[in-house]
Amino acid sequence: MNLETLAEALGLKCKCCWEKLKTTEVKGGYAGDLLSDVMANSNAGDIWVTRQVHQNIVAVASLKGHAGIVIVQGASPDKDTLDRAGREGIPIMVTDMSKFEVVGKIYQLLSEA
Amino acid sequence: MGESGPGIFRCNLHVHTCLSPCGDLDMHPRALVDEAVAQGLDIIAICDHNSSENVPYVMRAARGTPLCVIPGMEVCTREEVHVLALFGDQAQLSLLQDYVYANLQGLNDEDAFGMQPIVNEAGEVEGFNERLLIGATGIPLEDLVSRIHEYGGLAIAAHIDRPSFSVIGQLGFIPPHVPFDALEISARLGIKGGRERFPELSGYPFVTSSDAHFIHDIGAACTRMALQKPCFAEVAMALKGEDGRYIEEDA
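All values reported here derive from a predicted model rather than from experimental measurement. (Residues numbered from 1 in each chain as written. Chains lettered and ligands numbered in written order. Predicted model: local features only at pLDDT ≥ 70, side-chain atom pairs only at ≥ 80, totals over all residues.)

Asks: Even after reading the chapter, I still don't get the interface of chain B and chain A, so can you show me in this structure?
Replies: Interfaces are frequently sized by the accessible area removed from exposure as the parts join. Residue-level contacts link 11 residues of chain B with nine residues of chain A. Sorting elements by how many residues they give to the side of chain B that touches chain A places helix α6 (residues 167–171) of chain B first, with four residues. Looking at the side of chain B that touches chain A residue by residue, the classes come out as seven nonpolar, three polar and one charged. (Contact = placed C-beta atoms within 7 Å. Helix = DSSP H or I, 4+ residues; strand = E, 2+ residues; numbered from the N terminus. Nonpolar A, V, L, I, M, F, W, Y, C, P; charged D, E, K, R; others polar.)

Encoded structure:
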C-alpha cells in the first residue's frame, strides 16, 4: 500500500514531503516514543507512529528507512523537525487521533491490503 | 595537597530530598547533610524533580560543616528527558524554578506517587508541594538547556545509560547541537564503564553520581574532581578542564 492511500484512508494531514506520498510503499508499521527502542526494533519501510516531536525523530526515521512518521494526539512537530524532514525527504503526517486508534486502523488496513 | 595546587574533592552532583515523590521521607535536609559529611563527600548538588523548595534548608543545614551544597534541580523536559540544572546561587535557581512551574501541569496524587514534603533544617515539615513534580514539563530540551545557560547554570544530561528518562533512551542519541556541559553516567556503570560503552561521546565530560533517593545511597558514588576549593565555580571549571581543574576518571 502506498503512503498516499494510507494517509487518505485515515484522514492524516501531511506536513511535509507531499510529493513522496504516492511513490512511498508502506511495508509495515511500528509504534513508540522511546527513540532508542524504535532504533533497535523498527524496520525499513515501516510507518512509524509516535508522540515525540523532537527533531531526532527525523534522524531515526532516516537511519531506519521508514516510509514516514505519523504524529498523534494533535501534537505539532517543531519547525526544526519539519525543516529537517523536508531536507531528508521524510514525510511527516499529523492527526488528532490517539496512538492506539491510529495503530489499530493502520494494522487493519495493512492486513487487508 | 600543596597550598597553591588543586586538591581532589569528592562530588555527588545528583542527590534528591524527601521533596521528590520518589525520594525517601528520611531524606530530610539535616539527615542527608549528616550522611554526606559522614561519607566524606565535599560537594553535593540537590536535584529534586522539577522543584527546588528544599534547597535553602539543605544549604542552611550544611552551615558550619565542611560540605558545599550546590543549588540544583532535575528537570523533566517535554521529551521526558531528565536534565540536571546546577547553579552558583539560589537566585539563579529560582529564575529557573519560575520557568519550570509555569510549564508544569497537574497535581500530585500522594497515594500514587508519594508525598512531597518541604522540610526545614530542623526536620520540621513546612508544608507540602501540591504540584505533579513527577510529571514532564512542556519545555523542549533545547529551550531548557539554553535557559539554564542564560541564568548562569550548568546543564548535565542525567543518567544517559539508563533506558528511561535519559536523553539517549528518549531521543535515541544526544542531539549534537544541544550544548550539554557534561553527561551523567549512573553509579552502576561508572565513568570508566561509560567511556567503554559510549566511545562516540569522548568529547563530553562525564560525571557519575548516586542519584540518591535513599539516605544510604548518598555515598554510593561520587565524581572525584581536582579543584582549588569545593564550590560551584570550581566545578564549572573542572567540567571545562580549565586552569588545572579536571575530573579524575581513573579512580
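Asks: Teacher, can you tell me more about the packing of helix α1 (residues 3–10) of chain A against helix α5 (residues 99–112) of chain A here?
Replies: Angle between the axes and distance between the axes are the two parameters that describe a pair of packed helices. All names here are of chain A. Two elements in contact, α1 and α5, have axes whose closest approach is 11 Å; the angle formed by their N-to-C orientations is 130 degrees. Judged by the inter-axis angle, α1 sits oblique to α5. The handedness of the crossing between α1 and α5 comes out as right-handed. Contacts between α1 and α5 pair Leu6, Ala9 and Leu10 from the former with Val102, Lys105, Ile106 and Leu109 from the latter. (Axes fitted to C-alpha atoms, helices over the stretch in contact; angles between N-to-C directions. Parallel < 35°, antiparallel > 145°, perpendicular 65-115°, else oblique. Left-handed = near helix turned anticlockwise from the far one by under 90°.)

Asks: Please clarify how the sheet that holds strand β4 (residues 68–71) of chain A should be interpreted in this entry.
Replies: Residues and elements named next belong to chain A. Pairing is mixed across the open sheet formed by five strands, whose spatial order is β1-β5-β4-β3-β2. Looking at which strands have only one partner, the edges of the open sheet turn out to be β1 (13–16) and β2 (28–31). Between one strand axis and the next, the sheet turns by 25 degrees as a mean value, whatever way the strands run. Sheet analysis places β1 next to strand β5 (residues 92–94), joined by three bridges and oriented antiparallel. The residue bridging cysteine 14 from the neighbouring strand is methionine 93, located in β5. The strands that helix α4 (residues 79–88) touches are β1 and β5; relative to β1, the one it contacts most, it runs at about 80 degrees. α5 contacts β2, β3 (46–50) and β4 of the sheet and is inclined by roughly 165 degrees relative to β2. (Pairing = 2+ DSSP bridges.)

Take it as geometry only, folks, not as evidence of what the structure does.
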